[in-house]
Amino acid sequence: MSTRPPVPDAESGRHTDSGTGGSRTKTGAGAGTETGAGGGAGAGAGAGARADVARSRADGGRLGGRTIVLIGGGSGIGLRVAHQAVAAGARVVLGGRSPERLAAAAEPLGNAATWHTVDVTDRPSLASFFDRVERVDHLLTTAATYQVGPMRELSDEDAESPFVSKFWGQYHAVRLAAPKLAADGSVVLMSGAAGARPPGPAPAYAACNAALEGLARGLAVELAPVRVNVVSPGTVDGNLWQQRPAGTREAAFAQYRRDTLLHRLATEDEIADAVLFLFGNGYTTGSTLYPDGGYTLR
Ligand SMILES: NC(=O)c1ccc[n+]([C@@H]2O[C@H](COP(=O)([O-])OP(=O)(O)OC[C@H]3O[C@@H](n4cnc5c(N)ncnc54)[C@H](OP(=O)(O)O)[C@@H]3O)[C@@H](O)[C@H]2O)c1
């Protein structure tokens, strides 16, 4: 994985009709450093716009007027959730470390999107993020940067990185969001099908995903009537894998096509669809949804 420079200051933006970058307020709240997949702002609105409108009709208005916080929403799955949620009439607050990525992601979403920089591995940064968010109806945190590999090969620090970033990042995001969560709102935790069926030797990463499913069950009990669920995707042909070396990506994709019932990868929109279902369905809590093409079944 490539390394990113430190994020020196927390920044925020609100799209204006006349501008592309939004206004930014420097607060001086520091954000920490973390290694991460670099790259652009992910998929834009264009091609998916008509599908988004169709989904908005199917949503039955459940997300209209709601505020959905998407930490990691500057790219990939989170960005597709943002597009689908805005098409359904929601407002979105995007979070991530790169102000450039966030500004580019928010721009096509117009006045429905605001953004603030945040590093989920840095608690003061997360606290400062939630200080700026007035209300949370639904929360998804796709933000995570970690190393994956065999116990016998990874350094202790790399082995612990999924827990540091993906597990504790989401835990603290929920903790800080909790006082602002609407009683009829929800949290969707991001896991991964590798937690149920490891595709190769990466035990700490598998354990992290499995732990997130347990975390959701525990939080569903503690936070009720707020609903807490998990989305556990299979391999997605999207921004995350595009940042990885071509050889690694193609080998993983070939293995996934072979091992899953539908013999293809997921799209980011298919995972976003599953997230919107969990946001909107008022009687689902403590559950894990596997949009994985049948991978965990075989
Ligand atoms: N894609 C898949 O095949 C797949 C499958 C199963 C599970 N997942 C899970 O989905 C999540 C990744 O979502 P994605 O596929 O949409 O990847 P992605 O496009 O790389 O999105 C991750 C986003 O999180 C931000 N981010 C990373 N580290 C951060 C940190 N420490 N603090 C704040 N923001 C951070 C990144 O922006 P900055 O770099 O600008 O901060 C980026 O916008 C991970 O939890 C992954 O395990 C993905």
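The structure we're discussing is the one just above.
Residues numbered from 1 in each chain as written. Predicted model: local features only at pLDDT ≥ 70, side-chain atom pairs only at ≥ 80, totals over all residues. Heavy atoms only, no water.

> Is there a simple way to explain the packing of aromatic side chains in this structure?
Any two aromatic rings considered together are summarised by their centre-to-centre distance and by the angle between their planes. On inspection of all chains with the given rule, the structure shows seven aromatic pairs. Here F129 and F130 contribute two aromatic rings whose centre-to-centre distance is 5.1 Å and whose plane-to-plane angle is 85°, an arrangement assigned as edge-to-face. Each member of the pair F129 and F130 is classed as buried. Taken together, the ring pairs in this structure connect F163, F167, W168 and Y171 into an aromatic cluster. R244 extends its terminal NZ or CZ atom over the ring of W241, reaching a point 4.4 Å from the ring centre. (Phe/Tyr/Trp six-rings, centres within 6.5 Å; stacked < 30°, edge-to-face > 60°. Buried < 20%, exposed > 50% of the residue type's maximum accessible area, 1.4 Å probe, protein only. Lys NZ or Arg CZ within 6 Å of the ring centre and 35° of its normal.)

> How do you make sense of the nonpolar core when you look at a structure like this?
Generally speaking, soluble globular proteins have nonpolar side chains that are buried together. Counting 34 residues, the largest nonpolar core has I68, L70, V81, V92, L94, V231 and F279 as the members making the most contacts within it. Listed by contribution, the elements that provide at least two residues to this core are β2 (67–71), α2 (76–87), β3 (91–96), α3 (99–106), β4 (113–117), β6 (181–190) and α9 (268–280). Apart from the residues lying within four places of it in its own chain, the contact partners of V81 are L70, L140, A272, V275, L276 and F279. Grouped together as the second largest cluster of nonpolar side chains are 30 residues, F129, F130, V136 and L139 included. (Core = buried A, V, L, I, M, F, W, Y, C linked by side-chain atoms within 4.5 Å. Helix = DSSP H or I, 4+ residues; strand = E, 2+ residues; numbered from the N terminus. Contact = heavy atoms within 4.5 Å.)

> Help me understand the site of the ligand, please; the structure alone is not making it clear to me.
Around the ligand sit 29 residues in total, of which I77, T145, Y146, K166 and N239 are the nearest. In this structure, V120 approaches the ligand through a main-chain N or O atom, which is 2.9 Å from a nitrogen atom. At 2.6 Å from an oxygen atom of the ligand is found a side-chain nitrogen or oxygen belonging to Y146. Expressed as a share of its isolated accessible area of 890 Å², the protein-covered part of the ligand is 96%. When residues of the shell around the ligand are assigned to their parent elements, the largest contribution, three residues, is made by helix α7 (residues 239–242). (Near = heavy atom within 4 Å. Polar contact = N/O pair within 3.5 Å; in protein donor to acceptor, adjacent residues only side chain to side chain. Areas by Shrake-Rupley, 256 points an atom, 1.4 Å probe, with all protein chains shown as cover.)

> Would you mind going over the pairing of strand β5 (residues 136–141) with me for this structure?
Each regular strand carries side chains that alternate between the two faces of the sheet. Of all six residues in β5, six are buried, a share of seventy percent or more. Bridge analysis of β2 against β5 gives four bridges, and the strand direction is parallel. The partner of I68 across the bridge, within β5, is H138. Pairing analysis gives four bridges linking β5 to β6, with the strands arranged parallel. Bridge pairing in β6 links L139 to V187. (Pairing = 2+ DSSP bridges.)

> What is the right way to read the environment of S186 from this model?
Position of S186 relative to the elements: it lies in strand β6. When the C-alpha atoms of S186 and G280 are compared, they prove to be 8.4 Å apart, with 94 residues separating the residues in sequence. Discounting chain neighbours no more than four positions away, the residues touching S186 are D137, H138, L139, L181, V226, R227, L278 and F279. A distance of 2.8 Å separates a polar atom in the side chain of S186 from a polar atom in the side chain of H138.

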